[in-house]
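Structural features, examined
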Amino acid sequence: MAVSQRPRVLILYCTKCKWLLRAAWMAQELLSTFEHEIGEVALSPSDPGVYQIVAAGEVVWDRKVDGGFPDAKELKRRVRDVIDPQKDLGHSDR
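Residues numbered from 1 in each chain as written. Predicted model: local features only at pLDDT ≥ 70, side-chain atom pairs only at ≥ 80, totals over all residues. Heavy atoms only, no water.

You'll find the protein entered in an unreviewed UniProt entry as Rdx family protein, with Mariniblastus fucicola given as the organism.

Shown next, in the form of structure tokens:
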């Protein structure tokens, strides 16, 4: 599948809260795990208090709804369930 046809992941983060490093770390984790399944991971500054992760147009994590921040393992599971439910995540599935 061409890169342009692969799903996009968007990470929205609050700049006032200084969450850029957290967003960049999550982007790196997702790109490492889904190097052939994701077309891009975009980081987007957002409104105060916002930390949201959207995969293929579906919100997979919202800090206000889900209560805080995801650990990498949980985020990978949620993204996988949206973009490639058959993908084995190895130790992250256990």
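Topic: the nonpolar core
Under the convention used in this document: To form a nonpolar core, buried Ala, Val, Leu, Ile, Met, Phe, Trp, Tyr and Cys residues must be joined to one another through side-chain atoms within 4.5 Å. Each residue is placed in one exposure class: buried if its accessible area under a 1.4 Å probe, protein chains only, is under 20% of its type's maximum, exposed if it is over 50%, and partly exposed if it falls in between. By definition, any uninterrupted DSSP run of H or I lasting at least four residues is a helix, any uninterrupted run of E lasting at least two residues is a strand, and each is numbered from the N terminus. Should any heavy atoms of two residues lie within 4.5 Å, those residues are counted as being in contact.
Membership of the largest hydrophobic core comes to 21 residues, with the highest contact counts inside it found for Val9, Ile11, Tyr51, Ile53 and Val79. Those elements that place two or more of their residues in this core are β1 (8-14), α1 (20-33), β3 (51-55), β4 (58-62) and α3 (72-83). The contacts of valine 79, once residues within four sequence positions are left out, are Leu30, Phe34, Ala55, Val60 and Asp84.

Let's talk about the pairing of β4
Side chains on a regular strand alternate between the two faces of the sheet. Here is the rule: Note on pairing: two strands pair once DSSP finds at least 2 bridges between them.
Two elements, β3 and β4, share four bridges in a ladder whose sense is antiparallel. Across the sheet, the residue bridging to valine 54 is valine 59, located in β4. Where β3 folds back onto β4 in an antiparallel hairpin, the turn is made up of two residues, including alanine 56, whose phi is positive at roughly 50 degrees.

Here we look at the sheet that holds β1
Put simply, the rule reads: Here an angle of 0 to 180 degrees is reported between the N-to-C directions of two axes, which are lines fitted to C-alpha atoms, with helices fitted over the stretch in contact.
With respect to topology, four strands assemble into an open sheet ordered β2-β1-β3-β4, the strand pairing being mixed. Pairing within the sheet leaves two strands with one partner each, and these edge strands are β2 (40-46) and β4. Sheet twist, expressed as the mean angle between neighbouring strand axes with direction ignored, is 20 degrees.

A short note on the environment of valine 60
With respect to the helices and strands, valine 60 occurs in strand β4. When the C-alpha positions of valine 60 and aspartate 81 are compared, they lie 9.3 Å apart, and in sequence the two are 21 residues distant. In this structure valine 60 touches Ile53, Val54, Ala55, Asp66, Leu75, Arg78, Val79 and Val82, once residues within four positions along its chain are discounted.

Observations concerning the pattern of salt bridges
So the rule is basically this: Any carboxyl oxygen of Asp or Glu within 4 Å of a side-chain nitrogen of Lys or Arg constitutes a salt bridge here.
The full count for this structure, using the stated rule, is seven salt bridges. Connected through shared salt-bridge partners, Asp66, Glu74, Arg77 and Arg78 make up one network.

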